[in-house]
Amino acid sequence: MPPETENTGVASQPDDGERKAQRRPPRRWLRAIALFGAAYLLLVMLMALFENTFIFFPSVYPQGNWQPADIDFEDAWFETEDGAKLHGWYVPAKDPNAVVLFAHGNGGNLSDRVDTLDALANRFGASVLIFDYRGYGRSAGSPSTRGILADARAARRWLAERAAIPESQIVLMGESIGGAVAVHLAAEDGARALILEGTFSSLSDVGAYHYPWLPVKLVMRSDLDSVAQIANYRGPLLQIHGDADRIVPFELSKRVFDAAHEPKRLVIVPGGDHNDPRTGTAYREIERFLAELPAQQ
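Residues numbered from 1 in each chain as written. Predicted model: local features only at pLDDT ≥ 70, side-chain atom pairs only at ≥ 80, totals over all residues. Heavy atoms only, no water.

Description of the overall build of the protein
In step 1: Along its length, the protein carries 10 helices and 10 strands.
In step 2: Taking the intrachain contacts of the protein between residues at least 6 apart in sequence as the baseline, contacts between residues at least 24 apart amount to 71%.
In step 3: Of the roughly 15,800 Å² of accessible surface on the protein, 53% is carried by carbon and sulfur atoms. (Helix = DSSP H or I, 4+ residues; strand = E, 2+ residues; numbered from the N terminus. Contact = heavy atoms within 4.5 Å. Areas by Shrake-Rupley, 256 points an atom, 1.4 Å probe, with all protein chains shown as cover.)

Okay, structure coming up:
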């Protein structure tokens, strides 16, 4: 008969190896965590690599309204310092009360802004140049934040020569990303006045708002920081923004206004979203602002 074993009534305790195995998470969870981390890292790398595709949404000719009624414009062709050939529409006034350079937003092209051109030129008595960034409309190249700043400088230079005035006496007007472009030009070389619509504190702030689960501020290679730049501009400012903007929240625009010097005026459009048509109130404020500007020097 086999020898009897003594039953002490005490359960056997696992050794150190068994305890470590019990604490170790199942391998399938480790694989899932690793796969999630790899996918997240890949997504971050792709967004950094294709950053410009998340910023710019150009429409290329012939998309758009290229034969607008009631606007007598001339085609403007000019080149940037890095050789990009750009296109714009210029509408001269016989005795202009202002010369305006208009920088549009990140979508479409200049032909989508016919209403703005009509109001500035035909109703408010300004000479106006509206231009397309590289890669938009009939302008050659591919857009980038550095590129569109160079484009705006070239457009301002062309407009100053055509209107026979100093570049510092041009009124800079920009919507959305064009507002950031206008801020940078005004901060660098001055402007007679600055008009901003639906613009933002910085591109990285907008990116962080839309992608809070991504390290946008860490990986974004280019930025347009209007808050940092506008402190270098000293001149009249009109800023317009809708309080229901779902693309550029009003708070981001308010940061720019708060950082700006006097004289400045903020117009809040009740219920206004980012891509809503410009309201009658906004047009009246722009007309009033241009009419009240100090005489051109």
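Re the sheet that holds strand β10 (residues 264-269)
In step 1: Judged by pairing direction, the sheet is mixed, and its 8 strands sit side by side in the order β2-β3-β6-β4-β7-β8-β9-β10 without closing on themselves. Of all strands in the sheet, those with a lone pairing partner are β2 (74-79) and β10, marking the two edges. Averaged over all pairs of adjacent strands, the angle between strand axes in this sheet comes to 20°, irrespective of strand direction.
In step 2: Each of β2, β3 (85-91), β4 (99-103), β6 (127-131) and β7 (171-175) touches helix α4 (residues 145-163); the most contacted strand, β2, lies at about 125° to it. (Pairing = 2+ DSSP bridges. Axes fitted to C-alpha atoms, helices over the stretch in contact; angles between N-to-C directions.)

Some thoughts on the layout of surface pockets
In step 1: Of the voids in this model, the largest pocket is the one considered here, and its volume is about 1,200 Å³.
In step 2: Around the largest pocket sit 49 residues that line it, and N106, S176, I247, H274 and N275 are the ones nearest its centre.
In step 3: Elements represented by at least two residues in the lining of the largest pocket include exactly α2 (27-49), α3 (114-123), α6 (203-210), α7 (216-219), β9 (237-242) and α10 (280-291).
In step 4: Take the lining of the largest pocket: its biggest share by element is 4 residues, from α6.
In step 5: For the lining of the largest pocket, a count of residues per class yields 24 nonpolar, 15 polar and 10 charged. (1 Å grid on protein atoms, 1.4 Å probe; cavity = no way out; pocket = protein on both sides within 12 Å on 5 of 7 lines; lining within 4 Å. Points joined across faces, edges and corners; volume = space filled by probe spheres on them. Nonpolar A, V, L, I, M, F, W, Y, C, P; charged D, E, K, R; others polar.)

Remarks on the environment of Y61
In step 1: Tracing the backbone shows Y61 in the loop between β1 (57-58) and β2.
In step 2: For Y61 and G137, which are 76 residues apart along the polypeptide, the C-alpha to C-alpha distance reads 4.6 Å.
In step 3: Setting aside chain neighbours within four positions, we find Y61 in contact with W66, G137 and R138.

Observations regarding unusual backbone geometry
In step 1: The peptide bond linking Y61 to P62 adopts the cis configuration, its omega dihedral lying at 15°.
In step 2: Along the chain, P62 turns up in the loop between β1 and β2.
In step 3: The step from E262 to P263 runs through a cis peptide bond, and the omega angle for that step is 0°.
In step 4: With respect to the element layout, P263 can be found in the loop between α9 (250-259) and β10.
In step 5: Of note, the phi angle at D70 is positive, near 70°, even though the residue is not glycine.
In step 6: Mapped onto the secondary structure, D70 falls in the loop between β1 and β2.
In step 7: Residue D70 is classed as exposed on the basis of its relative accessible area, which comes to 71%.
In step 8: The backbone of A164 sits at a positive phi, close to 60°, despite the residue not being glycine.
In step 9: Tracing the sequence through the fold places A164 in the loop between α4 and β7. (Buried < 20%, exposed > 50% of the residue type's maximum accessible area, 1.4 Å probe, protein only.)

Points about the side chain of D132
In step 1: Along the chain, D132 turns up in the loop between β6 and α4.
In step 2: At 2.8 Å, the side chain of D132 forms a polar contact with the backbone nitrogen of L110. (Polar contact = N/O pair within 3.5 Å; in protein donor to acceptor, adjacent residues only side chain to side chain.)

Remarks on the packing of aromatic side chains
In step 1: Across all of its chains, the model carries 10 aromatic pairs by this definition.
In step 2: Between Y61 and W66, the ring centres sit 5.1 Å apart and the planes meet at 80°, which makes this aromatic pair edge-to-face.
In step 3: Positioned above the aromatic ring of Y283 is the side chain of R123, whose terminal nitrogen or guanidinium carbon lies 4.9 Å from the ring centre.
In step 4: The ring of Y61 has R138 lying over it, and the distance from NZ or CZ to the ring centre is 5.1 Å. (Phe/Tyr/Trp six-rings, centres within 6.5 Å; stacked < 30°, edge-to-face > 60°. Lys NZ or Arg CZ within 6 Å of the ring centre and 35° of its normal.)

With respect to the confidence of the model for the protein
In step 1: The pLDDT averaged across the protein works out to 90; a share of 88% of its residues lies at or above 70.
In step 2: Counting interchain partners and residues more than four positions distant, the pLDDT-below-50 stretch residues 1-6 has 0 contacts. (pLDDT = per-residue confidence, 0-100.)

Quick notes on α9
In step 1: Of all the residues in α9, the buried ones are F250, L252, S253, V256 and F257. On an axial view of α9, the arc spanned by its buried residues comes to 165°, and they lie on one face.
In step 2: The elements touched by buried residues of α9 are β8 (193-197), α6, α8 (226-230), β9 and β10. (Arc of directions from axis to C-beta.)

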